[in-house]
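The lines below spell out each chain.
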Amino acid sequence: MKQFKAESKRLLDLMINSIYTHREIFLRELISNASDAIDKLYYRTLSDGDTGLNRDDFCINILPDKENRTLTISDNGCGMTKEELENNLGTIAKSGSLNFKKENEQKEDIEIIGQFGVGFYSAFMVSEKVTVLSKAFGSEEASKWESTGTAGYTIEPCEKESHGTTIILKLKPDTEDNHYDEFLETYTLQNLVKKYSDYIRYPIKMDVEKSRLKGGTKDEYETYTENETLNSMVPIWRKNKNEIKEEEYNEFYKNKFMDYTDPAKVIHSSTEGTATYNALLFIPARAPMNFYTKDYEKGLQLYSNGVLIMDKCADLLPDYFSFIRGLVDSQDLSLNISREMLQHDRQLKIIAGRLEKKIKSELESMLSNEREKYEEFFKNFGLQLKYGVYQDFGAHKDVLQDLLLFYSSGEKKLVTLKEYVSRMKEGQKFIYYACGENVDRVDKLPQTEAVKEKGYEILYLTDGVDEFSIRMLMKYDDKEFKSVSADDLGLETEEEKQAAAKQVEENKDMLNFMKDALKGKVKQVILSQKLKTHPVCLSTDGAISIEMEKVLNSMPT
Ligand code: ADP
Ligand code: MG
């Protein structure tokens, strides 16, 4: 008996003890694995040429057996060798997304499960024993993997006629509170497939008992068995928008992109013309845990005429929209396209350009029609937009500037630049901003007094990247940005300025005395017109503000 790797063991524990309403998803997980396995093999037939396989022969079978209380799910996909069985089913770390972190341990089990996509191990939510028979395509040997849960697993050679994988679940015994028997009912299985796996592009078949009028009679019925295809096989993105319920989109999203929460927004678009494609994009309701780390990989799934050719096509999304999850299906792309070729693909560039516009306009409409939702979105992904402004020397300013929100001293809430400008007072030349750790701190900055006294709004920049992006923007609607720490705030008239200069002249000796006393600590001591109730403030004279200096200093070198 072999032991599971540590993480696998923990996930298994979680899985087995998971809340029962959730456990029905085991079926969708096993079906999507089967579908993935067929995809892999089918893709090979397309790229390698003649494998003797036919697309119409691919299918997934479900076989409930009430007598033995087993549920069997089989596919004729790529199958697994003995080593693959060991690697793929013996350790969860191999199965894509799982990377257990300490901080997750506090969270609810269900959330952890949702975050990672449950995968193969979900079978243990309903089974006391799981048996996997698998034969890799092109291989002579088949192997049997078997496990009763956390204890471990065994692998041994076995007989299997053709390539593919058969998974036999020995269901747990029914108890008063837990009914595993339902997963042997035709009706339940039909419904689960419809609910979670309808879009799977290979037929999911099951023998279904039906009854019909007996030939030659008017009221005598006979039963017969039909091998029924349970799924419609039409991918959701190919369906007509107004035929799809919100719930379907949400289920699809959660299932496909392994999220536990419904998306904040669904963007479904299809176009014809220079580039024909269907796109189904989602804005997640919250940032994935690794979103602001190097581990996060942006990209959309890319399909060519319904066949998955790439899982994360990065070229389809600009960095500042990297939070978008989704897929693109186009008939204009070649199946054999390689990553290198994709980069130069004209079609792909056109599609990427269109998607960018579409995403932008969806965000804008969310901003104007669903403000609260947008602010929630901005809380999650605003930082990414601000980085976007700063990136590539401001090349994306125009796309992004109207999507930004900053806290306003006047409104006491987040505002757009457009809103700020629309409220500018007569004679106000600049868009003022002040930087600091948080709103409270900035609010108390002595430098903000003079501007506030004038009745001008100030944007509070509290994220490290804020000032960098504002400086990259330079102007909005032809109005320059001005830091409240700048020497000349443009608040005074010519006369006031002269009066101030005179005052400096008169107090020269005192100022020089102070400067000497602070030698090496300050560059100069001047009289400031900015201060109202505070006696003194610090300011910088270079291109870099104190706040920017802090950010730069905190960056790893
Ligand atoms: P994921 O699907 O996210 O990779 P799973 O836990 O669902 O994680 O599956 C783990 C791995 O086991 C898969 O990546 C795949 O390589 C392999 N696998 C699972 N089911 C099958 C199957 N029916 N046929 C072939 N390989 C499979
Ligand atoms: Mg899976």
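Residues numbered from 1 in each chain as written. Chains lettered and ligands numbered in written order. Predicted model: local features only at pLDDT ≥ 70, side-chain atom pairs only at ≥ 80, totals over all residues.

1. Section: the overall build of the protein
(1) Moving on: In terms of regular secondary structure, the protein is built from 17 helices and 19 strands.
(2) Moving on: Taking all 557 residues of the protein together, 32% fall into the buried category. (Helix = DSSP H or I, 4+ residues; strand = E, 2+ residues; numbered from the N terminus. Buried ≥ 20, exposed ≤ 12 C-beta atoms within 10 Å, placed from the backbone.)

2. Considerations on the environment of glutamine 401
(1) Moving on: Turning to its location among the elements, glutamine 401 is positioned in the loop between α10 (397-400) and β14 (406-408).
(2) Moving on: Distance from glutamine 401 to threonine 416, taken between C-alpha atoms, is 8.7 Å for residues 15 residues apart in sequence.
(3) Moving on: Not counting chain neighbours up to four residues away, the residues in contact with glutamine 401 comprise Val389, Leu417, Leu473 and Tyr476. (Contact = placed C-beta atoms within 7 Å.)

3. Digging into the sheet that holds strand β6 (residues 164-171)
In sheet architecture, strand pairing relies on hydrogen bonds along the backbone and comes in two forms, parallel and antiparallel.
(1) Moving on: Strand order across the open sheet formed by 8 strands is β5-β4-β3-β6-β2-β1-β7-β8, with mixed pairing between neighbours. Only two strands of the sheet have a single neighbouring strand rather than two, namely β5 (153-158) and β8 (221-229). Within the sheet, the average angular offset between the axes of one strand and its neighbour, ignoring direction, is 25°.
(2) Moving on: Two strands pair when backbone bridges link them, and strand β1 (residues 60-65) and strand β2 (residues 70-75) are joined in this way by 6 bridges, in the antiparallel orientation. Across the sheet, the residue bridging to isoleucine 62 is isoleucine 73, located in β2.
(3) Moving on: Sitting on the sheet, helix α2 (residues 25-48) is in contact with β1, β2, β6 and β7 (204-213), with an inclination near 20° to β2.
(4) Moving on: Of the strands in this sheet, β1 and β7 touch helix α5 (residues 186-197), which is tilted by about 130° from β7. (Pairing = 2+ DSSP bridges. Axes fitted to C-alpha atoms, helices over the stretch in contact; angles between N-to-C directions.)

4. Considering the sheet that holds strand β16 (residues 431-435)
(1) Moving on: Across the sheet, which stays open at both edges, the 6 strands sit in the order β15-β14-β17-β16-β19-β18 with mixed pairing between neighbours. Looking at strand neighbours, the two that pair on one side only are β15 (413-415) and β18 (475-476), the edges of this open sheet.
(2) Moving on: In the sheet, β16 pairs with strand β19 (residues 479-483) via 3 bridges, with the strands oriented parallel. When the bridges of β19 are listed, tyrosine 432 appears paired with lysine 482.

5. As for the environment of glycine 353
(1) Moving on: Position of glycine 353 among the secondary structure elements: in helix α8 (residues 346-369).
(2) Moving on: The class of glycine 353 is exposed, set by 12 C-beta atoms lying within 10 Å.
(3) Moving on: Sequence-wise, glycine 353 and leucine 316 are 37 residues apart; in three dimensions their C-alpha atoms are separated by 8.1 Å.

6. Focus: the confidence of the model for the protein
(1) Moving on: Counting all residues, the mean pLDDT for the protein is 85, and 88% of those residues have values of 70 or more.
(2) Moving on: Note that pLDDT drops below 50 for residues 93-117; the model gives that stretch 39 contacts with residues more than four away or on any other chain.
(3) Moving on: Model confidence for the complex is summarised by a pTM of 0.68, with the ipTM given as 0.99. (pLDDT = per-residue confidence, 0-100.)

7. Some words on the nonpolar core
(1) Moving on: In this structure, Ala123, Leu316, Val328, Tyr433, Ile458 and Leu459 are the most contacted members of the largest nonpolar core, which totals 114 residues.
(2) Moving on: Among the elements that make up this core, the one with the highest residue count is α2 (10 residues).
(3) Moving on: Contacts of valine 328, omitting those with residues within four sequence positions, involve Tyr277, Ala279, Leu300, Leu302, Tyr303, Leu316 and Ile351. (Core = buried A, V, L, I, M, F, W, Y, C linked by C-beta atoms within 7 Å.)

8. Some words on the packing of α2 against α5
Helix packing geometry: the angle between the two helix axes and the distance between the axes.
(1) Moving on: Their axes nearest at 9 Å, the elements α2 and α5 cross at an angle of 65°. Judged by the sense of rotation from one axis to the other, the crossing of α2 with α5 is right-handed. Across the interface between the two elements, Ile25, Leu27, Arg28 and Ile31 of α2 pack against Leu192, Tyr196 and Ser197 of α5.
(2) Moving on: Taken together, the residues that form the contact of α2 with α5 break down as 5 nonpolar, 1 polar and 1 charged. (Left-handed = near helix turned anticlockwise from the far one by under 90°. Nonpolar A, V, L, I, M, F, W, Y, C, P; charged D, E, K, R; others polar.)

9. Some details on unusual backbone geometry
(1) Moving on: Within the chain, methionine 258 stands out as a residue other than glycine whose phi angle is a positive 50°.
(2) Moving on: Along the chain, methionine 258 turns up in the loop between α6 (246-257) and β9 (265-271).
(3) Moving on: A positive phi is found at methionine 474, a non-glycine position, where the angle reads about 65°.
(4) Moving on: Along the chain, the position of methionine 474 falls in the loop between α14 (464-473) and β18.

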